[in-house]
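# Breakdown of the fold
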Amino acid sequence: MSRAAEGRAGAGGAAATIDVDQALSLYRQMVLIRGVEVEIETLHKRGRMTGSFHSSMGQEACAAGVCAALRQSDIVTSNHRGHGHAVAKGIPIEGIFAELFGRSTGVSGGRGGSMHLHHRESGFLGENAIVAGGLPWAGGAAWARKKRGLTDVGVAFIGDGGFAQGVTHEVLLMARYWEAPLVIVCENNGLAHSMASERLFGEPGSITRIVEATGVRSEFVDGRDVIAVAETAAAMVEHARTVGPAFIECQVFRVKPHSLSDPDYRYREKDAGQAWLETHDPILALRRRLGEDQGEALDRIDAEVAEEVAAASAAAEAAPQTPVEAALENVYLTAELNKNG
Amino acid sequence: MAELKYAEAVRAALAAEMQADEDVLIMGEEVGALGGVFTTTKDLIEQFGPERVIDTPISESGFVGWSIGLAAEGFRPVVEIMFSDFVLLALDQIINLGAKVRFMSNGQFNVPLVIRMPGGGGTNHGPQHSQSLESIFAQVPGLIVAMPATAADAYWMLRDSIRCDDPVIFIESKGLYFREKGEVDESEGPRGFGARVARPGTDITVVSAARMLHRCIEAADALAAAGGPSCEVIDLRYIWPLDTDTIAASLAKTNKLAVIHEPVEFSGWGGEVAAWAAASQFEQLDGPIARLGARRVPIPFQPHLEDEVVPSVARIEATLSDLHGY
Ligand SMILES: Cc1ncc(C[n+]2csc(CCOP(=O)(O)OP(=O)(O)O)c2C)c(N)n1
Ligand SMILES: [Mg+2]
């Protein structure tokens, strides 16, 4: 059996070690991420947000499952499609909405927007708008923690497109060479914008095998199954904490177009996203799995999250716009250098 | 302290800061057992151990980004790029992350990082090992661009840079490593970002830096000996921040300005100095602003061809004589 197939097979069996409370908490995280992404899309469509954004709808199980294995002091770097990672790592969602609204109450002072969420307090080092650009930061920061005698790990999220970047391979080897406590999570959603990852790397699981050949521990997991992701992540995070780097290829699906205005009908079926969601939605899958018994608890979570999202969005929008002087702030820490700003 | 070669001064500064602050780390290719291809980290691994003097794989983008991660966690990495030309592989991490993560995170993260690299020519290393790339970095908000011309400055500017809380691109002149030497006085202390008058004069202000500074001084001495103009040569020391006060004070005396540097003249930092002077020192200027940089060709490896390309003492003399005669 291939390593990839083993990963899939292991997912079902792993369910036994996640109890109902943990499952409900994973459910809440996924619903929260979905709620945030849907709200952002709605706000954009109503013209109340500027810029663009990359929705992680459909990929919630990866963010929720991986971050469930982390402590607050563990650190995460992310990419352009990072709202889910930010939410799952615990950034207050009002700070995320405020950032996208360009408010000074945003986590990055309202100057970065959708692809530049940074929140030191929750261990979310940052998103990065350069594909795979956040990987070395995660490696260096995780290694710094180890050098300080701490047991924190770093997790770097990249996409399948990020696996095509040279720096990814540099970091893999450096992490192995220095035994850095780093977990690289590659969200293989089958597409890097319009480029099919199957054509570039081969069938799902191929990226796992490429990494395996470097000697870095590597697992493939079905990203529709949040329990399987959580189980795999827990094992890999533990490996990173105690041994050295690890890699997870998580097979997910990008429900929405690449970005807000992406004409994805040019490279895939018009309704591909909606069709997939109807049959494979990770949120519905967990709902089904938890069964009728939990129906009421799940409904309650849905209602609570809906309220939380609406309140956070409204509060964020009501905050004052970032003042224009803010554009010149925080370039240098050395005070005398900011005068030329 | 004794008289040190420029390369020895770099090494002494690294050793002093490693000694003073445990968070200072050295990273780069061949910085460990080998001691650096230009000997600037010689014996440091014996003194400070492999935990702090760290050999990296040949992955410039990866290890520069990694060092940004270390710096954002409070370490003070000093990264060596073997030849400045190789920094081009790491520009993404430097420009897209290191230079602006403080801005992007609204001050949550800052990057006390020094990226050292031997730049410029004079050692016949050829087109991919001899470029002068400082003008690229001077364009980038968030970076400081340091270029010492003397052993004493190599020592003090490097110590200042390691103590600086912002990322510094520290370009050493590889042509000066073993040719330039001078007294390094340990009691002097930090120097700040200002430029300095390297050779006083009254007729022309010559702004230069790094290896070309020495050619400018040589040309100025030759002109003076031949009864020509008296040139005041300014060593910028930092391309950014640019110390325009020192240039302005000199111009008030000389009323003529020449800018001479090793990067290609077109779009080189000399244009910035010239534009500043034209815009804000117009009343002081009694002549056109003279500029001299490398010709717009790659740097050939043979000495006589390289000298045809980068400003030679003879070309500098001619440029200054012309300006004097205006
Ligand atoms: C270095 C770089 N090149 C190109 C882009 C433009 N770009 C943004 S996202 C993207 C596709 C990334 O695909 P993947 O890594 O699979 O992530 P996904 O969008 O599928 O989540 C591209 C090409 C970029 N941001 N950075
Ligand atoms: Mg993708």
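Residues numbered from 1 in each chain as written. Chains lettered and ligands numbered in written order. Predicted model: local features only at pLDDT ≥ 70, side-chain atom pairs only at ≥ 80, totals over all residues. Heavy atoms only, no water.

## A word on the domain arrangement of chain B
Residue and element names in this part refer to chain B. Heads up, the condition is: Segmentation of the chain into domains, including their bounds, is taken from an automatic or database domain assignment. Every residue pair with non-hydrogen atoms within 4.5 Å of one another is taken to be in contact. We define buried area as the total accessible area lost by two parts upon association, computed with a 1.4 Å probe and summed across both. A pairing counts as a salt bridge when a side-chain nitrogen of Lys or Arg comes within 4 Å of a carboxyl oxygen of Asp or Glu. We call two N or O atoms a polar contact when they sit within 3.5 Å, provided that within protein one can donate a hydrogen and the other can accept it, with sequence-adjacent residues counted only if both atoms are side-chain atoms. Strands here mean DSSP runs of E at least two residues long; helices mean DSSP runs of H or I at least four residues long; both are numbered from the N terminus.
As far as domains go, chain B holds domain 1 (2–184) and domain 2 (196–324). Opposite the 27 residues of domain 1 that make contact, domain 2 presents 22 residues. Counting each side, the surface lost to burial between domain 1 and domain 2 is near 2000 Å², with a carbon and sulfur contribution of 57%. For domain 1, the biggest contributors to the area lost against domain 2 are Asn124, Ser135 and Met147; these three give 22% of the whole. Remark: the boundary between domain 1 and domain 2 carries 2 salt bridges. For Asp153, the salt bridge goes to Arg237, with nearest N and O atoms at 2.9 Å. Our enumeration of links across domain 1 and domain 2 arrives at 12 residue pairs in polar contact (both at pLDDT 80 or more). Elements that contribute at least two residues to the side of domain 1 that touches domain 2 include exactly helix 6 (134–138), strand 6 (144–146) and helix 7 (151–163). The element that contributes the greatest number of residues to the side of domain 1 that touches domain 2 is helix 7, accounting for 4 residues.

## What to know about the site of ligand 1
Residues and elements named next belong to chain A. Stated precisely, the cut-off is as follows: Summary of the distance rule: residues count as near a molecule or strand when at least one heavy atom falls within 4 Å of that molecule or strand. Accessibility throughout is a Shrake-Rupley quantity obtained with a 1.4 Å probe, and a residue counts as covered only by protein chains that appear here. Each residue gets one label: Ala, Val, Leu, Ile, Met, Phe, Trp, Tyr, Cys and Pro are nonpolar, Asp, Glu, Lys and Arg are charged, and the others, such as Gly, are polar.
Surrounding ligand 1, one finds 15 residues, the nearest of these being His80, Arg81, Gly161, Asn189 and Leu191. Take Ala129: an N or O atom from its main chain is 2.8 Å from a nitrogen atom of ligand 1. Contact between ligand 1 and Asn189: an oxygen atom at 2.8 Å from a side-chain N or O atom of the residue. Out of a free accessible area of 580 Å², ligand 1 has 72% covered by protein chains. Tallied by class, residues from the shell around ligand 1 come to 5 nonpolar, 8 polar and 2 charged.

## Brief notes about the pairing of strand 2 (residues 24–28) of chain B
Residue and element names in this part refer to chain B. Threshold: Only protein chains enter the area calculation, which uses a 1.4 Å probe; residues under 20% of their type maximum are buried, those over 50% are exposed, and those in between are partly exposed. Paired strands, as defined in this entry, are two strands with at least two bridges between them according to DSSP.
Burial analysis of strand 2 places 5 of its 5 residues in the buried class, the great majority of the element. Residue alternation in strand 2 divides its side chains into two sets, Val24, Ile26 and Gly28 and Leu25 and Met27, and both sets are buried. Strand direction decides the pairing type here: strand 2 and strand 3 (residues 53–55), joined by 3 bridges, are parallel. Considered in strand 3, the bridge of Ile26 is made with Val53.

## Section: the sheet that holds strand 4 (residues 76–80) of chain B
Backbone hydrogen bonds hold the strands of a sheet together, and the pairing may be parallel or antiparallel. All names here are of chain B. Counted only if it meets this: Helix axes use the C-alpha atoms of the stretch in contact, all axes being lines fitted to C-alpha atoms, and the angles between their N-to-C directions lie in the range 0 to 180 degrees.
Spatially, the 7 strands line up as an open sheet ordered 3-2-4-5-7-6-12, and their pairing is mixed. Edge strands, defined here as strands with exactly one partner in the open sheet, are strand 3 and strand 12 (238–240). Strand after strand, the sheet turns through a mean of 20 degrees between neighbouring axes, direction not considered. Alignment of strand 5 (residues 114–119) against strand 7 (residues 168–173), held across 6 bridges, turns out to be parallel. Its bridge partner lying in strand 7, Pro118 is registered against Glu172. Running at roughly 165 degrees to strand 7, helix 7 makes contact with strand 2, strand 4, strand 5, strand 6, strand 7 and strand 12 of the sheet.

## Some remarks on the packing of aromatic side chains
To keep it simple, the criterion reads: Two aromatic rings from Phe, Tyr or Trp, using only the six-membered ring of Trp, form a pair when their centres are within 6.5 Å; if the ring planes differ by under 30 degrees the pair is stacked, by over 60 it is edge-to-face, and anything between is tilted. Put simply, a charge is over a ring when the Lys NZ or the Arg CZ is close to the ring centre, within 6 Å, and near the line of the ring normal, within 35 degrees.
Applying the stated criterion across every chain yields a total of 16 aromatic pairs over all chains. Look at Phe163 of chain A and Phe247 of chain A: their rings are 5.8 Å apart centre to centre, the planes differ by 70 degrees, and that puts the pair in the edge-to-face class. With Phe163 of chain A in the loop between strand 3 (154–159) and helix 7 (166–177) and Phe247 of chain A in strand 8 (residues 246–251), this pair connects stretches of sequence that are 84 residues apart. On the basis of relative accessible area, Phe247 of chain A is assigned to the buried category, the value being 0%. With 5.2 Å between their ring centres and 10 degrees between their planes, Tyr332 of chain A and Trp240 of chain B make a pair best called stacked. Pair noted here: Tyr332 of chain A is in the segment after helix 13 (295–318) and Trp240 of chain B is in strand 12, and the two residues belong to different chains. There is no split in this pair, since Tyr332 of chain A and Trp240 of chain B are both buried. Each residue in the set Tyr6, Phe38, Phe83, Phe86, Tyr177 and Phe178 of chain B is aromatic and connected to the rest through ring pairs, giving one cluster. Directly above the aromatic system of Phe75 of chain B lies the positively charged group of Arg148 of chain A, at a separation of 3.8 Å from the ring centroid. A cation over a ring is seen here: Lys270 of chain A above Tyr265 of chain A, with NZ or CZ 5.6 Å from the ring centre.

## Structural notes on the interface of chain B and chain A
Taken together, the contact between chain B and chain A spans 46 residues of the former and 41 residues of the latter. Between chain B and chain A, a total of about 3800 Å² is buried, with carbon and sulfur atoms accounting for 61% of that surface. Among the residues of chain B in contact with chain A, Trp66, Glu73 and Phe103 of chain B are the three that bury the most area, contributing 21% of the side total. Here chain B is connected to chain A by 3 salt bridges. In this structure, Asp23 of chain B and Arg148 of chain A form a salt bridge, with 2.8 Å as the shortest nitrogen-oxygen distance. Between the two partners, chain B and chain A, sit 20 residue pairs in polar contact (both at pLDDT 80 or more). Broken down by secondary-structure element, the contributors of at least two residues to the side of chain B that touches chain A are strand 2, strand 3, helix 3 (60–72), helix 4 (91–98) and helix 5 (101–104) of chain B. At 9 residues, helix 3 of chain B tops the list of elements feeding residues into the side of chain B that touches chain A. Classifying every residue of the side of chain B that touches chain A by side-chain character gives 22 nonpolar, 15 polar and 9 charged.

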